[in-house]
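Below are the chains, spelled out letter by letter.
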Amino acid sequence: MLSLDGVSKVYNVGTFGGKQLRAVRDVSFDVRDGEAVSLIGESGSGKTTIGKMILRLLSVGSGTISIDGVSIATLRGSGLKEYYRKVQGVFQDPFSSFNPIFKADRMFEVLRQEFYPEASEKEWEEKVHESLRCVGLNPEHVLHKFPHQLSGGQLQRFLIARACLLEIDLLVADEIISMLDASTRIDVLNVLADLKSGGLSLLFITHDLSLAYYISERAVILQRGRVVEMGLTERVFRNPLHPYTRMLMASVPRLDKRWEDTDYGAGEIGRPSELAGSTAEEALADERHTLTQAEPGHFVATSG
Amino acid sequence: MSLTVENLRVYYQTLRGDVKALDGATFTLDDGEIMGLAGESGCGKTTLAHSLTRLSPPLRYVEGRVTLDGQELPIADMSRMNDFRMKKLSVIPQYAMNALNPTRKIGTIIRDLLRSRHVEADTSLQELYRRLDLVRLPYDILKRYPIELSGGMKQRMVMVVSTLLNPSLLIADEITSALDVATQKAVAEMLVEFRDRALVKSMIVITHDVSILYQLADSILIMYAGQLSEKASTQTIIRAPRHPYTKLLISSLPTIGVRHAEHKLSGIPGTTPLLLDPPAGCRFRDRCPVAFSKCSEVPPFVEVTDGHWVACWKESETHA
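In every chain, residue numbers begin from 1 and rise along the written sequence. Working convention: letters from A go to chains and numbers from 1 go to ligands, in the order in which they are written. In keeping with the predicted nature of the model, local features appear solely for residues at pLDDT of at least 70, side-chain atom pairs appear and are counted solely at 80 or more, and the whole-chain, interface and lining totals rest on all residues.

A. Representation of the overall build of chain B within the structure. Each helix is a run of H or I in the DSSP string that is no shorter than four residues. Each strand is a run of E no shorter than two, and both are numbered from the N terminus. Assigned secondary structure in chain B consists of nine helices and twelve strands. Restricting the calculation to C-alpha atoms gives the radius of gyration, and the globule rule supplies 2.2 Å times the number of residues raised to the power 0.38. A globule of 320 residues ought to have a C-alpha radius of gyration of about 20 Å, and chain B, at 20 Å, matches this closely. Its C-alpha atoms give chain B principal-axis dimensions of roughly 65 × 50 × 40 Å. The burial tally for chain B puts 44% of its 320 residues in the buried class. Put plainly, a residue is buried at 20 or more neighbouring C-beta atoms within 10 Å of its own, exposed at 12 or fewer, and partly exposed in between, counting only other residues' C-beta atoms, which are placed from the backbone.

Have a look at this one:
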């Protein structure tokens, strides 16, 4: 349903925008109906930029992002509104996603004015309650409260409920549980997984590989704005082929294996993405970067 | 025994009364031990770090004794603690990324700090270079401003500064939380190296991420709602936890190899109690699957087997 084809994004940085930062380079993948795809990468790998482009919070640099075959880059007015009925996003920090001055459920009211002006009071209330129950919240406990009276997990589920209210097809979840406690984290993750079983497509953006493995069917690994490996989660995680993926897998703190027992060697401190492509070798590697199929449903980047 | 904490109570003063953020902590830390301290937000782990280093209002000292290397720490007295900070015990704060003064160069910050501790900066210069090598930072970092460093570099820089005078105890508060997996691993391994090279004698590593602790800690202390729940060796906490809270916490962690479709994990139902007026008895009682009548009394933190401390009536009864 969602497909990205050769998408790139260049930011102008530095004084007067003199320097260029290529945040996303030639990224292509798709999200099928009812499927969860994880976008995995470290800070500066461009994963959030991709999420924001899909949500049209950033303009698409080059390449095309299309949903059901229609490019989203040129959507305007009612077309864009229609698009937001299909695609919504939830972001990392639940506390800054809400306006602290208003009650948290005000956002449902805004939604009603925008999308359901004809709904009657009773119908609407029913709809809100249903979507709250759908994410495992008790409407009586969470409605008519200010954001500071709710916990991070509740707020995050509130935002998912808002997205579900629109009966969307695709949810872009950008690091939505990294700020939550371990005990509530899994509850929110289960809500997502249940919604997915109900037919929702999911783009799950994360740096946490174990969460990605838990929820997604396919995984896309990003490094410095490029896809280095992608395919079925099972295959990518069991048999990582690209050195970067291997390094990531080896650095994940696990409960069943100590770092010293893994044979990938010492962790290397990653270089920030501003330096990306600065050495001659890397520039050359970028030039030759192509994805090849290693086994059915498992692609890996090769340079040369 | 490097550090001994006895019945430490520290409350936050608020207009609505005292928030009992740390309510009766008793534990010991051996020489050379790296102890992990884990728990949910608001369980009092950072309060514990603050009480050991800088107990300032709104924090209020209520009772308890802290002994470091046989010497009692005057933790309630801000100015007398100055003799101990950085020399005897040091902290890498949660906000390490913002801990460096943005208007001064790194080298100047270090010189000022050393002067405030009455240490001649030149004598420790060689040592400083050695430490920079250890955390793989270039020497010219001393001539740079904090804004020129990445998050991971600042974190490592603060590690160097905090440990420069070889403190006996180092408290690392959530230092890996904001980092990427690869940087996280590197920083965690550096912490262990600092201990192995005896730059610091013992360490308390505070985090909410239990899987990081499994990688680096010798023992783990689990806190819940201002009280200690369980302390044991890392292997025991992960493989054979006794306290119901620890059991639920460990089982709710997703690791690679667990998928929603095959094995659905579940969180811990309910929320942590408000510490302004905490429930009497065991504070985990309302969320506990095995709670019974006895739980209306506060369970003592007792040693059930050698080195394994648990605060739960179910456990202390069967082993009494």
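Here the narrative resumes.
B. Looking closely at the sheet that holds strand β1 (residues 3-14) of chain B. All names here are of chain B. The four strands are arranged β2-β1-β4-β5 in an open sheet whose pairing can be described as antiparallel. Taken across any chain shown, the strands that pair with only one partner, and hence form the sheet edges, are β2 (17-29) and β5 (71-72). Here eight bridges tie β1 to strand β4 (residues 59-68), and the two strands are oriented antiparallel to one another. Bridged to V10 within β4 is Y61. Two residues qualify as a contact pair if the distance between their C-beta atoms, derived from the backbone, is within 7 Å. To obtain an axis, a line is fitted to C-alpha atoms, over the contacting stretch when the element is a helix, and the angle between two such axes runs from 0 to 180 degrees between their N-to-C directions. Packed onto the sheet, helix α1 (residues 45-53) meets β1, β2 and β4 and runs at close to 75° relative to β2. Following DSSP output, two strands are said to pair if at least two bridges run between them.

C. How the structure looks around the domain arrangement of chain B. All names here are of chain B. For every domain, the bounds stem from an assignment made automatically or drawn from a database. Domain assignment breaks chain B into domain 1 (3-88 + 167-318) and domain 2 (95-166). Domain 1 and domain 2 are separated by 29 Å when their C-alpha centres are compared. Facing the 14 residues of domain 1 at the interface are 14 residues of domain 2. At five residues, helix α5 (residues 181-196) tops the list of elements feeding residues into the side of domain 1 that touches domain 2. Three classes are used, and their members are as follows: Ala, Val, Leu, Ile, Met, Phe, Trp, Tyr, Cys and Pro are nonpolar, Asp, Glu, Lys and Arg are charged, and the others, Gly among them, are polar. Considered class by class, the residues forming the side of domain 1 that touches domain 2 number eleven nonpolar, one polar and two charged.

D. Summary view of the pairing of strand β7 (residues 169-173) of chain B. All names here are of chain B. In terms of residue burial, β7 counts as a mostly covered element, since five of its five residues are buried. Burial of the side chains of β7 extends over both faces: L169, I171 and D173 are buried on one face and L170 and A172 on the other. Of the pairings in the sheet, the one linking strand β6 (residues 89-92) to β7 comprises four bridges and is parallel in character. Within β7, the position partnered with L89 by the bridge is L169.

E. Just the pairing of strand β9 (residues 219-224) of chain B, in detail. Residue and element names in this part refer to chain B. The buried fraction of β9 is high, at six of six residues. The side-chain alternation of β9 yields two buried faces, one formed by S219, L221 and M223 and the other by I220, I222 and Y224. In terms of strand pairing, β9 meets strand β10 (residues 227-233) through six bridges, oriented antiparallel. Bridge pairing in β10 places I220 opposite A232. In sequence, β9 turns back onto β10 through a hairpin of two residues, with A225 there showing a positive phi of about 50°.

F. Structural detail: the interface of chain B and chain A. Across the contact, 35 residues belong to chain B and 34 residues belong to chain A. Looking at the side of chain B that touches chain A, the element that brings in the most residues is α5 of chain B, giving seven residues.

G. Broad picture of the packing of helix α10 (residues 243-251) of chain A against α5 of chain B. Two numbers describe how α10 of chain A lies on α5 of chain B: the axes approach to 8 Å, and their chain directions differ by 50°. Taken as axis vectors, α10 of chain A and α5 of chain B run oblique relative to one another. Handedness of the crossing formed by α10 of chain A with α5 of chain B: left-handed. For the pair formed by α10 of chain A and α5 of chain B, the contact residues are M247, L248 and S251 of chain A on the first element and V181, A182, Q184 and K185 of chain B on the second. Here the residues of the contact of α10 of chain A with α5 of chain B are counted per class, giving four nonpolar, two polar and one charged. Any angle that is under 35 degrees is reported as roughly parallel, and any over 145 degrees as roughly antiparallel; angles of 65 to 115 degrees are reported as roughly perpendicular and all others as oblique. Handedness of a crossing follows from how the near helix is turned relative to the far one, being left-handed for an anticlockwise turn of less than a right angle and right-handed for a clockwise one.

H. The environment of L265 of chain B, seen in detail. Tracing the backbone through its elements, the reader meets L265 of chain B in the loop between α8 (244-251) and β11 (302-305). C-beta crowding within 10 Å serves as the criterion here: with 19 such atoms nearby, L265 of chain B is assigned to the partly exposed category. Spatially, the C-alpha atoms of L265 of chain B and T236 of chain B are 21 Å apart, while their sequence positions differ by 29 residues. Those residues in contact with L265 of chain B, other than ones at most four positions away along the chain, are I186 of chain A together with S252, P254 and V258 of chain B.

I. Main features of the sheet that holds strand β2 (residues 19-31) of chain A. All names here are of chain A. Taken in spatial order, the four strands line up as β2-β1-β4-β5 in an open sheet, and their pairing is antiparallel. Pairing within the sheet leaves two strands with one partner each, and these edge strands are β2 and β5 (70-71). Two elements, strand β1 (residues 2-13) and strand β4 (residues 62-67), share five bridges in a ladder whose sense is antiparallel. Considered in β4, the bridge of D5 is made with T64.

J. Layout of the confidence of the model for chain B. Confidence scores here are pLDDT values: one per residue, from the predictor, ranging 0 to 100. Confidence in the prediction of chain B, expressed as mean pLDDT, is 86, and 99% of residues score 70 or more. Quick note on the complex model: pTM equals 0.82, ipTM equals 0.74.

K. Seen up close, the nonpolar core. In plain words, the nonpolar core is the set of buried Ala, Val, Leu, Ile, Met, Phe, Trp, Tyr and Cys residues that C-beta atoms within 7 Å link up. In this structure, A173, L203, F204 and V220 of chain A together with V205 of chain B are the most contacted members of the largest nonpolar core, which totals 161 residues. Residue contributions to this core reach at least three from each of two domains, namely domain 1 (3-88 + 167-318) and domain 2 (95-166) of chain B. Residues within four places of A173 of chain A in sequence aside, it is in contact with V90, L192, L202, L203, F204 and I205 of chain A.

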